[in-house]
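What the coordinates show
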Amino acid sequence: MPSILIVGNVTKDVYLRLDNRVNNFETDQNGIKWLDLSFDNSHFNYYSRVSIYGGASISLEVLSRFGLNASISGTPATFLDGQFIAKDIHTTYRYILCQDENTSHLEPSEEVYTSWQVPTINPDWIYLDSSAVISPKLASELLDYLNLSRNTKLALFVGRHANQNTSHIKDLIARADLIINSVPLEEKHDNNIYIGKSCIEYQGRKVDWTLSNKRDILTRLSIHLTIAASMLGALALGKSTDDALLLARANAENSKLSSTLNLSTLEKNIAGEYYRIQNTNERKEKVSEIEITAQKLMAPGKGILAADESGGSIHKKFESMNIPDDEQHRRDYRNIFFTTPDIEKYVSGIILFDETARQTADNGKKFVEYIRDLGIIPGIKVDQGLVNFENSDEKYTQGLDGLPERLKDYYDMGARFAKWRAAFEITDNSPSDAAIKKNCEILADYARDCQAANIVPIVEPEVVYDGDYPIKKNIDYTSKILDQLFDELTRKQINLAGCILKVNMVLAGKRQEKQSTPAEVGQATAKVLKEHVPQELAGVVFLSGGQSVTQATENLHEVIKNGPFPWTVTFSYARALQDPALQAWQGDNTNADSARQAFRERLIANTNALKVD
Ligand code: 13P
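Attention here is on the structure that accompanies the text. Per chain, the residues get numbers from 1 upward, laid out in the order the sequence is written. pLDDT decides what is reported in this predicted model: residues at 70 or higher carry local features, side-chain atom pairs at 80 or more are listed and counted, and totals for whole chains, interfaces and linings draw on all residues regardless. Water and hydrogen atoms were dropped before computing side-chain values, which therefore reflect all heavy atoms in the structure.

A few words on the site of the ligand. Residues in contact with the ligand amount to 13 residues; listed here are only the nearest, Lys419, Lys502, Ser544, Gly545 and Arg575. Nitrogen and oxygen atoms within 3.5 Å of one another constitute a polar contact, given that in protein one can donate a hydrogen and the other can accept it, and given that sequence-neighbouring residues count only through two side-chain atoms. Between the ligand and Glu460, the relevant distance is 2.9 Å, taken from an oxygen atom to a side-chain nitrogen or oxygen of the residue. One nitrogen or oxygen atom from the side chain of Ser544 is found 2.5 Å from an oxygen atom belonging to the ligand. Computed with a 1.4 Å probe, the accessible areas rest on the Shrake-Rupley method; for each residue, only the protein chains presented here act as cover. Within the complex, 93% of the 300 Å² of free accessible area of the ligand lies under protein. We call Asp, Glu, Lys and Arg charged. Ala, Val, Leu, Ile, Met, Phe, Trp, Tyr, Cys and Pro are nonpolar, and the rest, Gly among them, are polar. Residue classes in the shell around the ligand are distributed as 4 nonpolar, 3 polar and 6 charged. Throughout this document, a residue counts as near a molecule or strand when at least one of its heavy atoms sits within 4 Å of that molecule or strand.

Looking now at the pattern of salt bridges. Here, a salt bridge means any Lys or Arg side-chain nitrogen found within 4 Å of an Asp or Glu carboxyl oxygen. Tallied over the full model, the rule gives 33 salt bridges. With a shortest N-O distance of 3.1 Å, Arg600 and Asp342 are connected by a salt bridge. Of this pair, Arg600 sits in helix α20 (residues 592-609) while Asp342 sits in the loop between α10 (327-338) and α11 (343-346), placing them 258 residues apart in sequence. According to the relative accessible area criterion, Arg600 is partly exposed, its value standing at 22%. Only protein chains enter the accessibility calculation, which uses a 1.4 Å probe; a residue is then buried when its area is under 20% of its type maximum, exposed when over 50%, and partly exposed in between. Residue classification places Asp342 among the partly exposed positions, given a relative accessible area of 25%. In this description a helix means any DSSP run of H or I spanning at least four residues, a strand means any run of E spanning at least two, and both kinds are numbered starting from the N terminus.

Moving on, we get to the sheet that holds strand β26 (residues 539-542). Note on pairing: two strands pair once DSSP finds at least 2 bridges between them. A sheet is described by the order of its strands in space; here 8 strands give the open sequence β18-β19-β20-β23-β24-β25-β26-β27, paired in parallel fashion. The open sheet has two edge strands, β18 (303-307) and β27 (568-571), and neither has a second partner. Ignoring which end each strand starts from, the neighbouring axes of this sheet average 25 degrees apart. The sheet contact formed by β18 and strand β19 (residues 347-352) spans 5 bridges and is parallel. Bridging from a neighbouring strand, Gly303 pairs with Val347 of β19. Two residues form a contact once any of their heavy atoms are found within 4.5 Å. Convention adopted: a line fitted to C-alpha atoms gives each axis, helices being fitted over their contacting stretch, and angles between N-to-C directions are expressed from 0 to 180 degrees. Against the sheet, helix α8 (residues 289-297) contacts β18, β19, β20 (377-381), β23 (417-424), β24 (456-463) and β25 (500-503), and its axis sits at roughly 55 degrees relative to β24. Packing against the sheet, helix α15 (residues 433-452) makes contact with β23 and β24, and its axis sits at approximately 175 degrees to β23.

Moving on to the packing of aromatic side chains. A ring pair, where both rings are aromatic, is described by two values, the distance of the centres and the angle of the planes. Here the aromatic set is Phe, Tyr and Trp, taking the six-membered ring for Trp, and pairing holds for ring centres within 6.5 Å; pairs whose planes are under 30 degrees apart are stacked, those over 60 apart are edge-to-face, and all others are tilted. Across all of its chains, the model carries 12 aromatic pairs by this definition. When the centroid spacing of 5.8 Å and the interplanar angle of 20 degrees are considered together, the rings of Phe565 and Trp567 count as stacked. One exposure class covers both Phe565 and Trp567, and it is buried. Here the basic side chain of Lys12 rests over the ring of Tyr53, its NZ or CZ set 5.1 Å away from the ring centre. Counted as over-ring charges are cases with an Arg CZ or a Lys NZ within 6 Å of the ring centre that also lie within 35 degrees of the ring normal.

Right, let's talk about empty space enclosed by the protein for a bit. Here the idea is plain: a probe the size of a water molecule rolls over the atoms and shows the empty space left. In this analysis, the protein atoms alone were mapped onto a 1 Å grid. Cavities are point sets where a 1.4 Å probe fits without being able to get out; pockets are open sets with protein on both sides within 12 Å along at least five of seven lines; lining residues have an atom within 4 Å of a point. Grid points are joined across faces, edges and corners, and a volume is the space filled by probe spheres set on the points. With the rule as written, the count across this model stands at 3 cavities of 30 Å³ or more. Considered as a void within the structure, the second largest cavity measures approximately 60 Å³ in volume. If you go around the second largest cavity, the residues you meet are Glu462, Val463, Tyr465, Asn504, Met505, Leu507, Leu543, Ser544, Gly545 and Gln547. Residues belonging to the lining of the second largest cavity are distributed by class as follows: 5 nonpolar, 4 polar and 1 charged.

For the rest of this paragraph, the subject is the sheet that holds strand β12 (residues 153-158). Working definition: the strands of a sheet are paired by backbone hydrogen bonds and lie parallel or antiparallel to each other. What the 9 strands build is an open sheet, ordered β6-β1-β11-β12-β13-β14-β15-β16-β17; its pairing is mixed. On the outer flanks of this sheet lie β6 (69-72) and β17 (278-279), each paired with one strand and no other. Two strands pair when backbone bridges link them, and strand β16 (residues 205-208) and β17 are joined in this way by 2 bridges, in the antiparallel orientation. Bridged to Lys206 within β17 is Gln278. Against the sheet, helix α5 (residues 241-254) touches β15 (199-202) and β16, its axis set at about 20 degrees to β16.

To continue, consider helix α3 (residues 167-175). An α-helical segment advances 3.6 residues per turn. Residues three or four places apart therefore align on the same side. Residues of α3 that are buried: His168, Ile169, Leu172 and Ile173. The buried side chains of α3 occupy one side of the element, clustering within an arc of 140 degrees when seen end-on. Facing away from the buried side of α3 by more than 90 degrees, the exposed set consists of Ser167 and Ala174. Tucked into the core, α3 has its buried residues touching β11 (125-128), α2 (136-148), β12 and β13 (178-181). In this description, one arc is meant: the one made by directions from the helix axis to the C-beta atoms.

Given below as structure tokens:
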């Protein structure tokens, strides 16, 4: 029986389900809720308190339940008869607060470096799991040991706390026989298990997985540990790649808090059900039409022009400048952008409004065809605006009725991608969980209709810039909305490789006194994207959202500097690309050339911003 020595930290995870009605959350001047965690029952109320072992104990449990000879380095911990036995071992605490569907973690302030003890018998594998806090000393001791025990293989889970740029982590990566990661790896590695939000990939094979309805109680960290140990256990036992993927998925989807499944149960589970394994290499050869369109839209170095303002938005713009809001002026305005010299060098796609798609270019062709002839992909806005929820100021996006028929017409007209915008305002009591859920469900329904019509959906959940909130709130809400969105997209089986995310940058609200610096925006936005957007997505584009023209360009560049990302990241602005041209045009076609020049300058500045210095 193969033996596996786990190197990691055992944590004590205390899950507290909070009672909203009685806990006194205090709200500070920035609108952030605080809770006094003195752990005194007179102040603190919870429905239930579950205290379980986490971290390395999960790896031990999974591997033991696979029948492997597993132990945790430097501890007497064992897993026997369905029980984790942890006498005399050091644990660190994590508190996991569960409130409605949300969980937050409180980690001990002090990191405890993981210890290592040279084993008496050489194990077949050493597994550094994601609970390990790896000091340079631990890395060098381990590498020294592996130098002597050459038959021992190293499996390394590169968690988000392991900085891949530090030399000791680099050395471990270089020595590892198996690398597991849930955040993008900076360099490609052949033997790499990738655990995404909705998939597990290994050696060109992939399965999708979902967390169904128990995500409020199991932390992602624990589930990732379960998946990683299941993959390692299965591979150590000589199982095929496909079986390893299926076993890992079955364990992630079916295990409960503190109770993963035995190998025999898992094997019955995967034998009884139909699971689809995708061959990612084969997929690459037989990519679907939408994947090809999405790849073209995400061509590196280009952006997407959003020229799709609805009638109401154009009306406001024109009115403020005394430009007549009639069909001819709206056509002439759009015509300026489409006839800007070299536009095809800067944009891969243009999103149109229904009226524009049906209007005619100077050469007599419909705009859709004119754009296509330039080598730019025409797209179409298909949502029909925002409406209020009953008895609330919050909004959801309408337009699902008759959407399949409209998409078919748009496809026949030549449109190959679509856009749907959901908007979330941050106030003291919004966005609510209900509004987030409803809008994300609608976005997933729209995406499904698009893909059925061979049209690439751009899903756009926008946290609105206009507001008086600190950046922290934007980080939290954007993260939460993206989690919900990708859960819904996965649940509705959207092909993420044929889907694009359009999203706000993460920054403080426009009316907040302390505005975010470009460096803050770049860091926060990149972090949120890396942690909440699945790797398999086709790409990420930004809206400008009311940022000034220069702010949108500068912030874009800062985000790019915080790459690399697993997908192309670029701009899809309306205002930040078009506003200077509108100012130059003034509704008078004799100004068209200077308007084109102003537009071209923004295209050049923003495509330059995509380059890393
Ligand atoms: P802005 O860049 O003006 O925010 O518009 C982008 C967009 O398409 C909003 O739906």
